[in-house]
Amino acid sequence: MAKYIEMIRIRFLMMLAYRTNYYSGILIYSINIGAYYFLWSAIYGDKGEIEGLSVIQMTTYIAVAWMARAFYFNNIDREIAQEIKEGKVAVEFIRPYHYLTMKTMQGLGEGIFRLGFFSVPGMIIVSLIFPINFSAALSTWLFFMVSIIFSFIVNTQINLLTGVMTFFFFNNDGLIRAKRVVIDLFSGLLLPISFYPVWAQSVMDFLPFKAISYIPSMIFTDGFSRNEVWDALLFQFVWALILIIPIQVLWIIAKRQLIVQGG
Amino acid sequence: MDQVIQVKDLRKDFKSHSSRPGLKGAFRDLFNRNYSIISAVKDISFEVKQGEMVGYIGENGAGKSTSIKMLTGILTPTDGTVTVNGMNPHKEREKFVSSIGVVFGQRSQLWWDIAVQESFKLLKKVYNVSDEDYEAHMTHVIDSLDIGPLLDKPVRKLSLGQRMRCELAAALLHNPPLLFLDEPTIGLDVLVKLKIRNFLKEINEKYKTTILLTTHDLTDIEALCERVIMLDEGQIIYDGKLANLRSNWGEGKQIEFQFAEEVTKDELSPLMKELDAEWTASERKNVWVANVVNEEHVISEVIGRVVAAHRITDVKIHEISTEEIIRNIYEEGVVDGKIY
Ligand SMILES: Nc1ncnc2c1ncn2[C@@H]1O[C@H](COP(=O)(O)OP(=O)(O)OP(=O)(O)O)[C@@H](O)[C@H]1O
Ligand SMILES: [Mg+2]
């Protein structure tokens, strides 16, 4: 276990080595939140609420969705693909650890770094500029925390899955890009799932994506009733379990037919 | 456990796709692709004992790296068995990889963006090395490889030679009984090479570390390995003492004469009468080389006759270098007329 925790520390150091990325990240996120704030204010006009969300809840939703994204988002699919293409996995295979667990830990290190140095200060700044409603209930905060941990797990699992696919397709840049678009659209980052047509919502019930952004953001904005919260957490938990299966299967097959390029 | 490496009928086939030329070809490739099977390693067998330093040599593409990848468990063999440190490299992965150290000269194992010592710290945790063991072993390693001043620099800022010394230290951090080195001296200057060689010799003596080394620099092999395994097109063509290779092939000597004035072959040839020797002209002016068998009386006789007949300014006696021997073998693909 110590080795996995050490990896989180190493990832912190790497993030610090590339501080400029971090500043540009803050800028991009602020622009996104600002743009969506003005867009939604225009759409709401003088309507009190749409699909059960008031305009303040909507702003909060957008802000928290982006801040949560800073925590769960990572590029480990891209990193895995690159390591496979450059033949660097060879080195990973001669280490006494589980490669995918190590990658997950790197993602976690990155996530914790951004949560502490980016999301929290970012959220404070955003709340000074835009009207945002923080829940007073301690339970909301606890549920939210559990929920974003699951967001991280599910999102990382999907990334691992896309990354490992490189073993089979070799060049899967297209797949990685498609995955990113799908997650931004179907996770509820840009638009709450409750705004989708009913048929689309029922399709979404059978896909893991809304576990990534929609659920934690709805919990944070108090958009769910207590029962709905429990259902939502169960939904996340079940997907976290289900996704283990295809990852393990693909990983075992990939190891067997691994071809290391070059050397 | 006397045999550290046991390899039997090891084979690796690669499926290699070839692309058809042109746009039309690319469309056809979409539906059915041409492929051919390349056998990179063809049914090789050998064993290595504990404490041996073995040179694993062969031309580019002979299959050296492919064999090492199978021995370290990175690639699955198509056929045959591998036992390393008493384990099958594919079973008991974590236990197995903790018992070996690997350096690939072509790719870095250190984390690119962080200081070398941070990489070491991580590896220490990964291999579960205790503080005392780390202190005792690594202080010495860092000293002998002279990498102390490099430890706080990020890997991407190191020169090739500096990085390679750090790589070697990283591979030895858990003090493995077996070390695989795939071209560890590629692109290094003489001094760094010397440092690395001395270091390898030292750990081999101190810990009886077994070392399997591939390199294209035969002076590495001469300095370190008593035994060589020579590979050609995936097959072992020689497995034995480096010294034997020399005595089978490098029988002769070359005596190089620098004459004071111009001489011709016609003038020189009569001097060799009844002797097992031959003249070749050198590229340099007035320099001729007599190729003779390695026998005392022939060598003295040739020198005696030449000196008596002509004025000379310099004489040198060369043995045939290992490099020439190996080159001859690579060219012919056989050793001493027979394929091993
Ligand atoms: N992934 C691969 N797919 C197809 N063929 C491969 C692959 N890897 C290696 N080969 C082929 O296998 C053969 C042996 O390659 P290998 O890398 O083992 O050579 P090597 O002895 O290490 O050569 P070098 O001295 O150049 O490093 C080569 O003919 C190479 O083209
Ligand atoms: Mg090679």
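These numbers come from a predicted model, not from an experiment.

Caption draft 1: Seen up close, the overall build of chain B. On a plain count of helices and strands, chain B comes out with 12 helices and 13 strands. Whereas a compact globule of 340 residues would reach a radius of gyration of roughly 20 Å, chain B reaches 25 Å, over 25% beyond that. Counting only C-alpha atoms and orienting by the principal axes, one finds that chain B spans roughly 75 × 60 × 45 Å. Put simply, chain B has 340 residues, and 50% of those count as buried. Nonlocal contacts in chain B, meaning residues at least 24 apart in sequence, comprise 73% of its contacts between residues at least 6 apart. Counting every atom, chain B has about 16,700 Å² of accessible surface; 48% of that belongs to carbon and sulfur. Side-chain charges of chain B comprise 43 positive and 53 negative groups, with the mean position of each set lying 7 Å from the other.

Caption draft 2: The site of ligand 1, seen in detail. Surveying the vicinity of ligand 1 reveals 15 residues, the closest of which are G61, K64, S65, T66 and H216 of chain B. Flanking ligand 1 are residues from chains A and B. Here an oxygen atom of ligand 1 and a backbone polar atom of A62 of chain B are 3.2 Å apart. In this structure, E183 of chain B approaches ligand 1 through a side-chain N or O atom, which is 3.2 Å from an oxygen atom. For ligand 1, whose free accessible area comes to 630 Å², the fraction covered by protein is 74%. Broken down by element, the residue count for the shell around ligand 1 peaks at three residues, all from helix α2 (residues 64-71) of chain B.

Caption draft 3: Quick look at unusual backbone geometry. Residue and element names in this part refer to chain B. One non-glycine residue, N128, adopts positive backbone phi at about 60°. By the secondary structure assignment, N128 is in the loop between α4 (116-126) and α5 (131-145). On the accessibility criterion, N128 (70% relative accessible area) is exposed.

Caption draft 4: The interface of chain A and chain B, seen in detail. With 29 residues of chain A at the interface, the matching set in chain B holds 28 residues. A salt bridge links E118 of chain B to R9 of chain A, with the shortest nitrogen-to-oxygen separation between them at 2.6 Å. Taken together, the connections running from chain A to chain B amount to six residue pairs in polar contact (both at pLDDT 80 or more). Elements that contribute at least two residues to the side of chain A that touches chain B include exactly α1 (2-17), α5 (89-93) and α12 (244-256) of chain A.

Caption draft 5: Focus on the sheet that holds strand β1 (residues 3-18) of chain B. Residues and elements named next belong to chain B. One open sheet accounts for three strands, arranged β2-β1-β4; its pairing is antiparallel. Both outer strands of the open sheet, β2 (34-49) and β4 (79-84), are each paired with one neighbouring strand and no more. Taking each pair of neighbouring strands and ignoring which way they run, the sheet shows an average axis angle of 25°. Pairing of β1 with β2 involves 12 bridges; the strand directions are antiparallel. If you follow K15 over to β2, its bridge partner there is I37. Against the sheet, α2 contacts β1, β2 and β4, and its axis sits at roughly 120° relative to β1.

Caption draft 6: Region of the structure containing the sheet that holds strand β7 (residues 210-214) of chain B. Residues and elements named next belong to chain B. A sheet is described by the order of its strands in space; here six strands give the open sequence β5-β6-β7-β3-β8-β9, paired in mixed fashion. The open sheet terminates on both sides in strands that have one partner only, identified here as β5 (100-104) and β9 (235-241). Each adjacent strand pair in this sheet contributes to an overall mean axis angle of 15°, direction not counted. Pairing analysis gives five bridges linking strand β3 (residues 53-58) to strand β8 (residues 227-232), with the strands arranged parallel. Across the sheet, the residue bridging to G58 is L231, located in β8. Sheet contacts for helix α6 (residues 160-171): β5 and β6 (178-182); angle to β5, the most-contacted strand, approximately 165°.

Caption draft 7: Representation of the confidence of the model for chain A. Across chain A, the average pLDDT comes to 88, with 98% of residues at 70 or higher. Highest mean pLDDT in chain A belongs to helix α11 (residues 226-242) of chain A (95); lowest belongs to helix α2 (residues 19-44) of chain A (83).

Caption draft 8: Examining the domain arrangement of chain B more closely. Domain annotation of chain B identifies domain 1 (3-11 + 43-247) and domain 2 (251-319). Placing the centre of domain 1 of chain B and that of domain 2 of chain B at their C-alpha centroids yields a distance of 45 Å.

Caption draft 9: Structural context of the packing of aromatic side chains. Residue and element names in this part refer to chain A. Within this structure, the stated rule accounts for 25 aromatic pairs over all chains. Ring centres 5.4 Å apart and planes at 80° place the aromatic pair F12 and F113 in the edge-to-face group. In this pair, F12 is assigned in helix α1 and F113 in helix α6 (residues 99-129), connecting sequence segments 101 residues apart. What makes F113 buried here is its relative accessible area of 3%. Both rings, one in Y37 and one in F130, keep their centres 4.7 Å apart while their planes meet at 45°; by these two values the pair is tilted. A residue pair is termed long-range when its members are at least 10 positions apart, and Y37 in helix α2 and F130 in the loop between α6 and α7 (138-169) qualify at 93 residues. An aromatic cluster is present here, built from Y29, Y36, W66 and F118 joined pairwise through their rings. The ring of F73 is capped by R69, whose NZ or CZ atom sits 4.5 Å from the centre of that ring.

Caption draft 10: Focus on the side chain of K103 of chain A. Residue and element names in this part refer to chain A. Along the chain, K103 falls in helix α6. For K103, a relative accessible area of 2% corresponds to the buried category. Excluding its chain neighbours within four sequence positions, the residues that come into contact with K103 are I76, E79, I80, E83 and L160.

Caption draft 11: Main features of the environment of V82 of chain B. Tracing the backbone through its elements, the reader meets V82 of chain B in strand β4. Dropping the residues within four chain positions of it, V82 of chain B is found in contact with Q6, L10, L71, P77, M87, N88 and P89 of chain B.

Caption draft 12: Main features of the nonpolar core. I5, I44, F46, L71, V84 and F180 of chain B are the most contacted members of the largest nonpolar core, which totals 109 residues. With 12 residues, the top contributor of residues to this core is helix α3 (residues 55-72) of chain A. Judged by nonpolar contacts, the second largest core, of 63 residues, contains V126, I142, L158 and L218 of chain B.

Caption draft 13: Spatial organisation of a nonpolar patch on the surface. Residue and element names in this part refer to chain A. A surface patch of nonpolar side chains, amounting to about 590 Å² of accessible area, comprises L115, V120, I124, I125, L128 and I129. Note on placement: I124 falls in helix α6. A residue is classified by how much of its surface remains accessible, and I124, at 51% relative accessible area, is exposed.

How each quantity is defined
Residues numbered from 1 in each chain as written. Chains lettered and ligands numbered in written order. Predicted model: local features only at pLDDT ≥ 70, side-chain atom pairs only at ≥ 80, totals over all residues. Heavy atoms only, no water. Helix = DSSP H or I, 4+ residues; strand = E, 2+ residues; numbered from the N terminus. Rg over C-alpha atoms; globule rule 2.2 N^0.38 Å. Buried < 20%, exposed > 50% of the residue type's maximum accessible area, 1.4 Å probe, protein only. Contact = heavy atoms within 4.5 Å. Areas by Shrake-Rupley, 256 points an atom, 1.4 Å probe, with all protein chains shown as cover. Lys, Arg positive; Asp, Glu negative; His and termini not counted. Charge placed at Lys NZ, Arg CZ, Asp CG, Glu CD. Near = heavy atom within 4 Å. Polar contact = N/O pair within 3.5 Å; in protein donor to acceptor, adjacent residues only side chain to side chain. Salt bridge = Lys/Arg side-chain N within 4 Å of Asp/Glu carboxyl O. Pairing = 2+ DSSP bridges. Axes fitted to C-alpha atoms, helices over the stretch in contact; angles between N-to-C directions. pLDDT = per-residue confidence, 0-100. Domains from an automatic or database assignment. Phe/Tyr/Trp six-rings, centres within 6.5 Å; stacked < 30°, edge-to-face > 60°. Lys NZ or Arg CZ within 6 Å of the ring centre and 35° of its normal. Core = buried A, V, L, I, M, F, W, Y, C linked by side-chain atoms within 4.5 Å. Patch = residues over 30% accessible without salt bridge, like charges linked within 9 Å, V, L, I, M, F, W, Y side chains within 5 Å.

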